[in-house]
Amino acid sequence: MTSQSLAVAGAVSALLGIAGWRIADVVALEAASVRQAEIEDAEAEEKSSPPPQPERDPLAPLDGAEAVLLLTGEVYGYLEPCGCSANQSGGVARRSSVFKTLEARGLPVAAVDLGGSVRRSRKQTEFKFTALQDAMRDLGYRAMGLGVEELRFSPGFLISQHLYDSEWTDRPLSFLGANVIFYDVPDLDGGPRKYEIVDAGPFRVGVTAVIGDSLRDTVLPDGAYAEFSTVPPGDVLPGVIDELEAAGVDQIVLLAYADAVEAADLATSDPRIDVVVSALGPEDPDPNQERLGDQWLLRAGHKGKHVVLLGLSRGEDGRVAASPATVEVSGKLFEHDAAMDLHMATYQTNLNDAVYEVFDDIPAGDPPGGGAYVGAETCGNCHRSAYEKWASSRHSLGYASLSEGRHNFEGDWVPRSNDPECLSCHVTGWNPQEYFPYTTGFLPEQIAEDRGTPDRFHLLQGNQCENCHGPGERHATTMKAWLDDKNSVPRAEFAVASRMMELTLAEARDEICLRCHDVDNSPHFDFDTYWPKVAHPGKDIDYRPARTTAAADRDRR
C-alpha cells in the first residue's frame, strides 16, 4: 500500500472505537450467525435446484459389454469441484467410485486421458499437475495425451513427471504425442511416446495422440522452436497405425487435441481408426456422441464433470464393437471416495512448503481503476451500516472458510489458505478469473510480512467492498481530507472522488458478481435471490475525526 493508504487505514481502529465496535469484535460476534446462514443458504440452494428426476442406471448403455475403456480430458486442474455450492459434479474422489462401480459389476476397466490437465504454467500448477498425475496413476490410467496446456510446461519438467516404464514404477502412465518432438530429438528417452497398448480385460486397445494443426500455433507460434516442435499429424499417423495393427490390437483410439473439424478429418482419413476423442467440445458433452460411419467421434467435456465409458464387446464374427456411454460424475450417482483426498492434501502441503516460490512465480497486475486497496475497516469509517451488512454476510468469512471448509463438503476438508486458485474469490484485491493478486491486493501472512506490507494480509481478508467497488485509496483519502476541512479539496477533485466508487445494480448483476459466482463456483446462482442478502443502499456517512481509543473509552463511560 502507499503511505497515504496506510495512514488512512491506520486511523481506523480509533475511529471505530468511537462507535464502540472494531472489526475484530464485529466479525467475531457475527461469525456464528454467518455460518448458520451459510448452512441455511446452502440448504435453500439445494431446494431451489431443479427437482430430482427418477434415477436411471447411468451404466445401462453398457449392458452386454465385456470391458470398458474410460475416457476423460480437459480437466483443467479440477481435482475436485470448485466453489461453495451444492450439486456440483466432478472430482477425482467421485471418479474413483465410477471405477469401483464398474468393477463391482464385473467389468474390467482401463483408462486414458486426452490431455488439458491444467490451464497455466506456474509453480503452483506444476504442483497441481503432479497431484493430478498421482491421482490418475492411483485410478489405473495408462496413458495421457499431451495437449496445448501440457506443452506450456518445459520439456524438462514433463520428462521429470513421465513415469511410463513398469520397471521404474508399479503405476506407469505414458505421455503420448506422436507428432510432438522435444529438443528436436525424435524418440527422446523420456519424451512423448507415439502410442501405448492398453489392456481392457480381454481386449488390447492401441492408443495414440496428436496435437492438431488447428491448435499447434497456440503453443508453437512459429511452428517450431528450441524446446518443442511438431510435424503434421498426417505425416506420422499412418506409420503409427501400421505398428498398432502389426501388434494385433482390437481397437485403435486416437486422442486428437484438435478442433472438431480437424478431429473428424483425421478420423475419416484412415478407416482403421475406430475412435477419435476430440478437444474443444462443450463443457457438458452431448450424451448422444457423434457417429462417423463406422467410427466414433467422442467428446468428454471439461473439468472432469463427465466421463465417457466405451463399452467393448466381441461379436460372433470375432470383431470387437465399441459403444460409448456419457456419464455425469455427480454426487447423486457416485460416492466420494475419501481415499482420494490424499491427493488434495499433498498438493496443499506442497503449496505451503513452497509458498515463497509459488508467489514469486505469480504475475501481479494493476488493479482496475488504479489506486490501492485499503480494506473494509476504512470503508466502515464512514459507511457504517454498509460495513455492518458486509460483516454479517458470508462474504466477510471468505478467507476463514478456506481453513474451516464448507458444511456440505463430502470428504475430509484440507485447508487451502495459500492456494491462488482458491484465494482469488475469498480475499480482496485479486483477479478472480486469472488467479493473481493486484499490486496492493491480499497476500498470505508470511509473504506480506516478508515484503514489508503486513496490512495486505491483515486488512484484506474476505471478499470485501473493494472487490466490487474498486480500490478505495483515492476516494478514502480525498473524502477524509474534505470532511476534515472542506476548503482543502478542489471542487472538481471532490466531484470525482465522491462518485468514483458508485456501482449500479445492472453492473453488479451483469458483470461484477459473475466474476466469482460463475457456472463453476455457483451453478445455481440467481442474482435476484441472493442480492437481498448483501444489499446495502445508502451512504450513511457519519465521519468523526480520529481520536485515541482511550479517549473514546472515557467518553463512553
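Residues numbered from 1 in each chain as written. Predicted model: local features only at pLDDT ≥ 70, side-chain atom pairs only at ≥ 80, totals over all residues. Heavy atoms only, no water.

1. What to know about the overall build of the chain
Inference 1: A tally of helices and strands in the chain yields 23 helices and 16 strands.
Inference 2: Out of the 557 residues belonging to the chain, those deemed buried represent 54%.
Inference 3: Restricting the contact set of the chain to residue pairs at least 6 apart, pairs at least 24 apart contribute 71%.
Inference 4: Counting only carbon and sulfur atoms, one obtains 50% of the accessible surface of the chain, whose full area is about 24200 Å². (Helix = DSSP H or I, 4+ residues; strand = E, 2+ residues; numbered from the N terminus. Buried < 20%, exposed > 50% of the residue type's maximum accessible area, 1.4 Å probe, protein only. Contact = heavy atoms within 4.5 Å. Areas by Shrake-Rupley, 256 points an atom, 1.4 Å probe, with all protein chains shown as cover.)

2. So, the side chain of threonine 169
Inference 1: By the secondary structure assignment, threonine 169 is in the loop between helix 6 (155-161) and strand 4 (174-176).
Inference 2: Relative accessible area serves as the criterion here: at 13%, threonine 169 is assigned to the buried category.
Inference 3: There is a polar contact of 3.0 Å between the side chain of threonine 169 and the backbone nitrogen of arginine 171. (Polar contact = N/O pair within 3.5 Å; in protein donor to acceptor, adjacent residues only side chain to side chain.)

3. Notes on the pattern of salt bridges
Inference 1: Under the definition given, this model contains 27 salt bridges.
Inference 2: For the salt bridge of arginine 314 with aspartate 250, the shortest nitrogen-to-oxygen distance reads 3.4 Å. In this pair, arginine 314 sits in strand 13 (residues 306-314) while aspartate 250 sits in the loop between helix 8 (233-246) and strand 9 (251-257), placing the two residues 64 residues apart along the sequence.
Inference 3: Residue classification places arginine 314 among the partly exposed positions, given a relative accessible area of 36%.
Inference 4: Among the ionic pairs, arginine 451 bridges to aspartate 360, the shortest N-O distance being 3.5 Å. Of the two residues, arginine 451 sits in the loop between helix 16 (445-450) and helix 17 (455-458) while aspartate 360 sits in helix 11 (residues 355-360), which places them 91 residues apart along the sequence. (Salt bridge = Lys/Arg side-chain N within 4 Å of Asp/Glu carboxyl O.)

4. Examining the sheet that holds strand 10 (residues 275-278)
Inference 1: The mixed open sheet is built from six strands, whose spatial order is 6-7-9-10-12-11. Two strands lie at the open edges of the sheet, namely strand 6 (195-200) and strand 11 (290-292), each paired on one side alone. Neighbour-to-neighbour, the strand axes of the sheet open up by a mean angle of 25 degrees, direction not taken into account.
Inference 2: Summarising the sheet, strand 7 (residues 203-211) and strand 9 pair through seven bridges and their orientation is parallel. Each bridged residue has a counterpart across the sheet, and for glycine 206 the counterpart in strand 9 is isoleucine 252.
Inference 3: Sitting on the sheet, helix 8 touches strand 6, strand 7 and strand 9, and the angle it makes with strand 7 is about 170 degrees.
Inference 4: Relative to the sheet, helix 9 (residues 260-268) contacts strand 7, strand 9, strand 10, strand 11 and strand 12 (295-298), its axis offset from that of strand 12 by approximately 160 degrees. (Pairing = 2+ DSSP bridges. Axes fitted to C-alpha atoms, helices over the stretch in contact; angles between N-to-C directions.)

5. So, the state of the cysteines
Inference 1: Summed over all chains, the structure comprises one disulfide.
Inference 2: In this model cysteine 425 forms its disulfide with cysteine 516; the gap between the sulfur atoms is 2.2 Å. Because the torsion about its S-S bond is -100 degrees, the bridge between cysteine 425 and cysteine 516 counts as left-handed. Here cysteine 425, found in the loop between helix 15 (420-423) and strand 15 (430-431), pairs with cysteine 516, found in the loop between helix 21 (505-512) and helix 22 (527-534); they are 91 residues apart in sequence, far enough to count as distant.
Inference 3: Classification of cysteine 425 as buried rests on a relative accessible area of 18%.
Inference 4: In this structure cysteine 382 is a free cysteine whose sulfur lies 9.3 Å from that of cysteine 379, the closest cysteine sulfur available.
Inference 5: The class for cysteine 382 is buried, based on a relative accessible area of 14%. (Disulfide = S-S within 2.5 Å.)

6. Things to note about the pairing of strand 10
Inference 1: Residues of strand 10 alternate between two faces, with Val275 and Val277 on one and Val276 and Ser278 on the opposite face, all of them buried.
Inference 2: Inspection of the sheet shows strand 9 paired to strand 10 by four bridges, in the parallel sense. Among the inter-strand pairings, leucine 254 is bridged to a residue of strand 10, identified as valine 276.
Inference 3: Handedness of the strand 9-helix 9-strand 10 crossover: right-handed. (Right-handed = clockwise from strand over helix to strand, strands pointing away.)

7. Description of the pairing of strand 6
Remark: a regular strand shows side chains that alternate across the two faces of the sheet.
Inference 1: Inspection of the sheet shows strand 6 paired to strand 7 by six bridges, in the antiparallel sense. If you follow glutamate 196 over to strand 7, its bridge partner there is valine 207.
Inference 2: Joining the antiparallel neighbours strand 6 and strand 7 is a turn of two residues, in which glycine 201 adopts a positive phi near 60 degrees.

8. A word on the sheet that holds strand 1 (residues 67-72)
Inference 1: The sheet built from six strands is open, its strands ordered 4-3-2-1-13-14 with mixed pairing. Only two strands of the sheet have a single partner each, and these edge strands are strand 4 and strand 14 (320-328). Along the sheet, successive strands turn relative to each other by an average axial angle of 25 degrees, direction set aside.
Inference 2: Set on the sheet, helix 5 (residues 123-139) makes contact with strand 2 (109-113), strand 3 (141-145) and strand 4; between it and strand 3 the angle comes to about 140 degrees.

9. A few points about the packing of helix 19 (residues 473-484) against helix 20 (residues 491-499)
Inference 1: Axis separation between helix 19 and helix 20 bottoms out at 9 Å; the angle between their running directions is 130 degrees. By the angle between their directions, the pair helix 19 and helix 20 is classed as oblique. Pair helix 19 / helix 20 crosses with left-handed handedness. Residue-level contacts link Arg474, His475, Thr478, Met479 and Trp482 of helix 19 to Glu493, Phe494, Val496, Ala497 and Ser498 of helix 20.
Inference 2: Residue classes in the contact of helix 19 with helix 20 are distributed as five nonpolar, three polar and two charged. (Parallel < 35°, antiparallel > 145°, perpendicular 65-115°, else oblique. Left-handed = near helix turned anticlockwise from the far one by under 90°. Nonpolar A, V, L, I, M, F, W, Y, C, P; charged D, E, K, R; others polar.)

10. Some details on the packing of helix 21 against helix 22
Inference 1: Relative to each other, helix 21 and helix 22 sit at 120 degrees, their axes nearing to 12 Å. As far as their axial angle goes, helix 22 and helix 21 are oblique. Seen from above, helix 21 lies across helix 22 with right-handed handedness. Here helix 21 contributes Leu505, Ala508 and Arg509 to the contact with helix 22, which in turn contributes Phe527, Asp528 and Trp531.

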